[in-house]
Amino acid sequence: QVQLVESGGGLVQAGGSLRLSCAASGRTFSSYAMGWFRQAPGKAREFVAAISRSGGNTYYGDSVKGRFTISRDNAKNTVLLQMNSLKPEDTAVYYCAATAGGALVLHDYAYWGQGTQVTVSS
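Residue numbers run consecutively from 1 along every chain, following the written order of its sequence. With the structure being a predicted model, the display of local features is reserved for residues of pLDDT at least 70 and the display and counting of side-chain atom pairs for 80 or more, all residues being used for whole-chain, interface and lining totals. Neither water nor hydrogens contribute to the side-chain values; these are computed over all heavy atoms in the structure.

1. Description of the nonpolar core
Where we set the bar: What makes a nonpolar core is a set of buried Ala, Val, Leu, Ile, Met, Phe, Trp, Tyr and Cys residues whose side-chain atoms join them at distances within 4.5 Å. Buried, partly exposed and exposed residues are distinguished by accessible area as a fraction of the type maximum, computed with a 1.4 Å probe on protein chains only: under 20%, between the cut-offs, and over 50%, respectively. Starting at the N terminus, helices and strands are each numbered in turn, a helix being any DSSP run of H or I of at least four residues and a strand any DSSP run of E of at least two. A contact between two residues is defined here by any heavy atoms of the two lying within 4.5 Å.
With 28 residues, the main nonpolar core has Met34, Trp36, Val79, Leu81, Met83 and Tyr94 as its most contacted residues. The set of elements that each furnish at least two residues to this core consists of strand S3 (18-24), strand S4 (33-39), strand S5 (46-51), strand S7 (68-73), strand S8 (78-83), strand S9 (92-99) and strand S11 (116-121). Among all residues touching Val79, those that are not within four sequence positions of it are Leu20, Ser21, Cys22, Phe29, Met34, Trp36, Ile51, Ile70, Ser71, Arg72 and Cys96. Core analysis: the next-biggest nonpolar cluster, separate from the first, contains seven residues, Phe37, Phe47, Ala50 and Tyr109 among them.

2. Looking at the state of the cysteines
Filter applied, for reference: Note on terminology: pairs of cysteine sulfur atoms within 2.5 Å are recorded as disulfides.
Across all of its chains, the model carries one disulfide by this definition. Bridging Cys22 to Cys96, the disulfide has an S-S length of 2.1 Å. Taking the torsion about the S-S bond as the criterion, the Cys22 to Cys96 disulfide, at about -80 degrees, is left-handed. Taken together, the residues span a long stretch of sequence, with Cys22 in strand S3 and Cys96 in strand S9 at a distance of 74 residues. Its relative accessible area of 0% is what places Cys22 among the buried residues.

Printed below as a string of structure tokens:
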């Protein structure tokens, strides 16, 4: 089992940057693929990015490709989401999640953080 805590959200102007961090508990962090998801008010949860156990493979949702970068540090039990060129439509609660399955098997993400709010003003 793994517990996840996100941080780094906040208010930023359009075109700005934020870096989200997700700290994981437990000694088996490297056995989980990790992902970031987001949910805006009144909208369904959306896949943002995912990273394989080793960090060698990364995947992105179409709306964030070229602007966001996911990375992980297995020695520090941390996964990061660097968000650049932010747009008002990126406004959402961002969640970190972990899966013992494949990084892109989205319904297998079993462990979730509490979320962190990102607000992008125009």
